[in-house]
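Chain by chain, the residues:
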Amino acid sequence: MYFISTRGGEKVTGAQAIVQGLAKNGGLYVPESFPQVSREEIEAMAEMSYPERAAFVLGKYLGDELGEDYLKASCEKAYSTFTGNDPVPLVKIDGESGLYVMELFHGPTCAFKDMALTVLPYLLKKSCEVTGVTDEILILAATSGDTGKAALEGFRDVPGTKVAVFYPDEGVAKMQRLQMCIQDGNNVCVSAVKGNFDDCQRAVKRLFASEEFNATLAKKGVRLSSANSINFGRLAPQIAYYFSAYVDLLTSGQIEMGDTIDFVVPTGNFGDILAGWYAKQMGLPVRKLVCASNRNKVLADFFAKGVYDVKRNFFRTMSPSMDILVSSNLERLLFEISGRNAELTAQRMQELAEKKEYSITAAEKEVLDKEFYGGFASEDGTVEAMYEIFEEYGYAMDTHTGVALAVYMEYKEAREKIDEKDKTPVIVLSTANPYKFPQDVLYALSGNDVKDSFKGIKRLNLLTAMKPPKSLLDLRYRPLRFKTVVANDLKKMSELILRFADGEIVPVPDKE
Ligand SMILES: *Cc1c(COP(=O)(O)O)cnc(C)c1O
């Protein structure tokens, strides 16, 4: 299957798209057409394990190039690192109103990024093989907190790869920072960058686009690739869990084949929700995709007005992985709703870079209105929603999922105004383990403010009786290996990467 750039001019294979990450003209790779999954195939998924379902969906895009058997073996290995019997449990919160939570956080780093980043190293390895790329691959990632750790863990000590992660020094939660800065492995490098996530992501995108920088690396036999959701290899494994959740509702008799359902997605870079939209294009019976933003509500305003406007203050919230103003993956959706008009998409991205805003046409907005519902939650609204669900159902969720729950409540009212008896099942995507944000979650559930994250874990454990993940408890005793903070400056960042590529960055050893 071929992939094309949202900004036109390129046509590559799936393997090339994965190796390259970003198109040469700055665009994002999208499939030339959406492969279809028939109702019979959806029904057949009922008999499959989660790794088999994931391999099946991946196979639709990459099977001919990477091989169905290889994909299956890769998904088996990737999801064997998850805890529990089911890598993606679907929890029924309220049968009466049809509310479910899909828990995507049972992977090694306790956030949903593991769903894709445990698989990506396998996809990349094979993609290099089939495209004949023998360079060392340097994974370069900007992170709002969770991608960085998941990329480090996914690529740690994978032969032929190195991973460099930049995180905003004013952006990530304490547990997220600790998780990254204690990272072990001999091919990893972590650094804070001055500024917020948007600054960080912009700088990293410019490094990807810099011919000079890429040429310098090429002389060393090193090639950049991306672990951010701009890489199709990151997006593809995320499509699978939308199918899997639907199949779970089918097999438990909650819906019948062909019934439509809604999904609510806590959104930052628009990767997760875009994967849901891709699932719909492939034939999954989805009615609405609800896009939930926190106080940084650029997307909610975009869905309301059809204007994407980043001229506004940036807020730090309790849901740092969603503290984003420029959501990269929206470009893929824009491309689709414009009727795949690459010229127009490129023009809008240029407007965004220069004027900090662009708008869409009334016809395009109508398409969005049909498929999406955009909402946002304030910090108070998030806390309130988390508390309400805990009080009524005894279910504790993290702050990002809390944002989604708050928007779900508003959405539920909106749809009941249209049809009081609307009982369409709603699946809320839960993107992080509550113990990743222990102080904020404890505060939301009990009103208790503690100064220390590990004390927060202890109290939260007493309150909820949920078991804290060992990997988070252990953070307390691990020495930091990475303490660098660099200026948000392309020169400084590229120098750091080049030194890392040369093997000159030697982190503090973590094992005595
Ligand atoms: C990354 C992340 C999100 C946002 O996902 P996008 O794909 O960037 O929209 C939400 N919640 C958590 C916990 C995350 O790590």
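Everything numeric here is computed off the predicted structure, so don't read it as measured data.

Participant: Would you mind going over unusual backbone geometry in detail, with residue names and values included?
Facilitator: Here the phi dihedral of phenylalanine 270 falls at roughly 70°; this positive angle occurs in a residue that is not glycine. With respect to the element layout, phenylalanine 270 can be found in the loop between β10 (261–266) and α12 (271–281). The class for phenylalanine 270 is buried, based on a relative accessible area of 1%.

Participant: Break down a negative patch on the surface for me, citing the residues and quoting the values.
Facilitator: Negative charge collects at one region of the surface, where Asp380, Glu384, Glu388, Glu391 and Glu392 lie side by side. For glutamate 384, the position within the fold is in helix α17 (residues 379–393).

Participant: Could you give an account of the packing of aromatic side chains, with specific residues and numbers?
Facilitator: Applying the stated rule across the entire model yields 17 aromatic pairs. A centroid spacing of 6.3 Å and a plane angle of 65° characterise the contact between phenylalanine 302 and tyrosine 358, whose relative ring orientation is edge-to-face. Linking phenylalanine 302 in helix α13 (residues 298–305) with tyrosine 358 in strand β13 (residues 357–359), this pair joins segments that are 56 residues apart in sequence. Judged by relative accessible area, which is 1%, phenylalanine 302 ranks as buried. Given a relative accessible area of 2%, tyrosine 358 falls into the buried group. Chaining the aromatic ring pairs together yields one cluster made of Phe270, Phe302, Phe303, Tyr308, Tyr358 and Phe372. Over the face of the ring belonging to phenylalanine 315 we find arginine 295, whose NZ or CZ atom lies 3.5 Å from the ring centre. For the cation-ring pair, lysine 297 lies above phenylalanine 376, with the distance from its terminal atom to the ring centre recorded as 5.0 Å.

Participant: I'd like a rundown of the side chain of aspartate 94, residues and numbers included.
Facilitator: You can see aspartate 94 is positioned in strand β4 (residues 90–94). Buried charged residue aspartate 94 carries no salt bridge. Nearest counter-charge: lysine 412, at 6.2 Å. Polar contacts involving the side chain of aspartate 94 include one to the side chain of serine 97, which spans 2.7 Å. Once residues within four sequence positions are removed from consideration, aspartate 94 is found in contact with Leu99 and Tyr393.

Participant: Give me the lowdown on the pattern of salt bridges, citing residues and values where you can.
Facilitator: Tallied over the full model, the rule gives 31 salt bridges. For lysine 194, the salt bridge identified is with aspartate 169, shortest N-O distance 3.4 Å. Residue lysine 194 is located in the loop between β8 (188–193) and α9 (197–209), and its partner aspartate 169 is located in the loop between β7 (161–168) and α8 (174–181); the two are separated by 25 residues in the primary sequence. Its salt-bridge partner being glutamate 495, residue lysine 491 comes within 3.7 Å of it at the nearest N-O pair. In this pair, lysine 491 and glutamate 495 both sit in helix α22 (residues 490–501), four residues apart, roughly one turn of the helix. The network of salt bridges with shared partners includes Lys149, Glu153, Arg156, Asp184 and Arg478.

Calculation criteria
Residues numbered from 1 in each chain as written. Predicted model: local features only at pLDDT ≥ 70, side-chain atom pairs only at ≥ 80, totals over all residues. Heavy atoms only, no water. Helix = DSSP H or I, 4+ residues; strand = E, 2+ residues; numbered from the N terminus. Buried < 20%, exposed > 50% of the residue type's maximum accessible area, 1.4 Å probe, protein only. Patch = residues over 30% accessible without salt bridge, like charges linked within 9 Å, V, L, I, M, F, W, Y side chains within 5 Å. Areas by Shrake-Rupley, 256 points an atom, 1.4 Å probe, with all protein chains shown as cover. Salt bridge = Lys/Arg side-chain N within 4 Å of Asp/Glu carboxyl O. Lys, Arg positive; Asp, Glu negative; His and termini not counted. Charge placed at Lys NZ, Arg CZ, Asp CG, Glu CD. Phe/Tyr/Trp six-rings, centres within 6.5 Å; stacked < 30°, edge-to-face > 60°. Lys NZ or Arg CZ within 6 Å of the ring centre and 35° of its normal. Polar contact = N/O pair within 3.5 Å; in protein donor to acceptor, adjacent residues only side chain to side chain. Contact = heavy atoms within 4.5 Å.

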